[in-house]
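# Observations on chain architecture
Single-letter residue listing:
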Amino acid sequence: MKSDSRPLVAALMVLILFGGSLAVCFWPQNDNECDDYSVTGTVTGLSSYNQPKLDIKAEELFANDIELGDTFTITTPDMEFYDAILIKNYQGMFMFDTFVNVENDGYVSVGFVGKLITVETGKQITLTLSGSSDRYSKTIEYNKGMTNNRADYDSDETFANFFEVTGGDLKPGILYRSYSPLYDPAKQSRSPYVNELAEEAGI
């Protein structure tokens, strides 16, 4: 008499299906694939980068196994910004990056390099964990030796990253590059040096 193997096959399929689910949901993960972390905060004003600062403390993120270099989707009342890298003191961001920054007082802000995220004070912004940045691991090398202390640099020009751009058909004294002159001097020590050097250059 032939044995019916169908119950065994069905049992194996159930085991594989549920076993796979268990493996996915209970295997230790760093990117929270099973349950995306999300937190909503209220805009309390502007950060030192003149973009929205939230009433969310960084320690709340870190308590949920989130690390610097993880990425978020930023959802404002009007727009969404993707792949925002969690950074600290603005170290590790590049042009056209979106970011979630840990400010000096421990609260977080959001921003976009090259474009302002504008949200009124009192409005809400949601941060949803989306993954992690491979590039962020190199941030330590990018920022090695960088400080906000003028005495650590050889000149005002170096501290302000203020240099004339030359080459090609450019005329002397026409084009300069520098650290941003727009920061609040009370929050960023380089801005006064940038503005002073720009004035001396006739800008």
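Note: the structure precedes this text.
This write-up is about the structure you can find in this document. (Residues numbered from 1 in each chain as written. Predicted model: local features only at pLDDT ≥ 70, side-chain atom pairs only at ≥ 80, totals over all residues. Heavy atoms only, no water.)

Before going further, it helps to examine the overall build of the protein. Looking only at helices and strands, the protein features 5 helices and 9 strands. N-terminal to C-terminal, the α/β element order of the protein is α-β-β-α-β-β-β-β-β-α-α-β-β-α. Taken across its 203 residues, the protein has 33% of its residues classed as buried. Pairs at least 24 residues apart make up 54% of the contacts formed inside the protein by residues separated by at least 6 positions. Accessible surface, the protein: about 13,200 Å² in total, of which carbon and sulfur atoms supply 54%. (Helix = DSSP H or I, 4+ residues; strand = E, 2+ residues; numbered from the N terminus. Buried < 20%, exposed > 50% of the residue type's maximum accessible area, 1.4 Å probe, protein only. Contact = heavy atoms within 4.5 Å. Areas by Shrake-Rupley, 256 points an atom, 1.4 Å probe, with all protein chains shown as cover.)

Turning next to the layout of surface pockets. Using a probe with the size of a water molecule, rolled over the atoms, empty space left in the structure can be pinpointed. Taken as a whole, the largest pocket encloses approximately 1,000 Å³ of empty space. Together, 36 residues line the largest pocket, and Y49, Y90, M93, Y179 and Y183 are the ones closest to its centre. Looking at the lining of the largest pocket, its residues break down into 15 nonpolar, 16 polar and 5 charged. Reported here for the second largest pocket is a volume of approximately 260 Å³. Along its surface, the second largest pocket is lined by M146, Y153, T158, F159, N161, R177, S178, Y179, S180 and R190. Here the residues of the lining of the second largest pocket sort into 4 nonpolar, 4 polar and 2 charged. (1 Å grid on protein atoms, 1.4 Å probe; cavity = no way out; pocket = protein on both sides within 12 Å on 5 of 7 lines; lining within 4 Å. Points joined across faces, edges and corners; volume = space filled by probe spheres on them. Nonpolar A, V, L, I, M, F, W, Y, C, P; charged D, E, K, R; others polar.)

Taken together, E157, E196, E199 and E200 make up a surface patch of like negative charges. Sort the elements by how many residues they give to the negative patch and helix 5 (residues 191-200) lands first, with 3 residues. If you trace the backbone, E200 turns up in helix 5. (Patch = residues over 30% accessible without salt bridge, like charges linked within 9 Å, V, L, I, M, F, W, Y side chains within 5 Å. Salt bridge = Lys/Arg side-chain N within 4 Å of Asp/Glu carboxyl O. Lys, Arg positive; Asp, Glu negative; His and termini not counted. Charge placed at Lys NZ, Arg CZ, Asp CG, Glu CD.)

One closed barrel accounts for 7 strands, arranged 1-2-6-5-4-3-7; its pairing is mixed. Averaged over neighbouring strand pairs, the angle between their axes works out to 40° when direction is ignored. Pairing of strand 2 (residues 52-57) with strand 6 (residues 107-112), which is carried by 2 bridges, proceeds in the antiparallel orientation. Among the inter-strand pairings, K57 is bridged to a residue of strand 6, identified as Y107. (Pairing = 2+ DSSP bridges. Axes fitted to C-alpha atoms, helices over the stretch in contact; angles between N-to-C directions.)

Let us now look at the nonpolar core. Soluble globular proteins: nonpolar side chains tend toward being buried together. Counting 23 residues, the largest nonpolar core has L61, F72, V100, V108 and L127 as its most contacted members. Residue assignment for this core shows that the elements contributing at least two residues are strand 1 (38-46), strand 2, helix 2 (58-62), strand 3 (70-75), strand 4 (80-88), strand 5 (98-102), strand 6 and strand 7 (124-132). Leaving out residues up to four positions away in the same chain, L61 has contacts with Y37, V39, I56, I66, F72, L86 and V108. F99, V113, Y136 and Y183 belong to the second largest nonpolar core, which has 8 residues in total. (Core = buried A, V, L, I, M, F, W, Y, C linked by side-chain atoms within 4.5 Å.)

As a further point, take the environment of V194. Mapped onto the fold, V194 is located in helix 5. Residues V194 and N161, 33 residues apart in the sequence, show an inter-C-alpha distance of 8.0 Å. In this structure, V194 is in contact with A160, F162, S178, Y179, S180 and P181, ignoring residues within four places of it in sequence.

Attention now moves to the side chain of Q51. Checked against the element boundaries, Q51 lands in the loop between strand 1 and strand 2. Within the local environment of Q51, its side chain forms a polar contact with the backbone oxygen of F112, the two atoms lying 3.0 Å apart. Setting aside residues no more than four positions away along its own chain, Q51 makes contact with G45, L46, V110, G111, F112, K115, L116 and I117. (Polar contact = N/O pair within 3.5 Å; in protein donor to acceptor, adjacent residues only side chain to side chain.)

This part is about the pattern of salt bridges. In the structure shown here, the tally under the stated rule is 3 salt bridges. One salt bridge in this structure joins D105 and K53, with 2.5 Å as the shortest N-O distance. Here D105, found in the loop between strand 5 and strand 6, pairs with K53, found in strand 2; they are 52 residues apart in sequence, far enough to count as distant. A relative accessible area of 41% means that D105 is categorised as partly exposed. The class for K53 is buried, based on a relative accessible area of 17%. The partner of D97 in a salt bridge is R135, with the nearest N and O atoms 2.6 Å apart. Taken together, the residues D97 in the loop between strand 4 and strand 5 and R135 in the loop between strand 7 and helix 3 (139-142) connect sequence positions 38 residues apart.

Any functional reading would require information that these geometric values do not contain.
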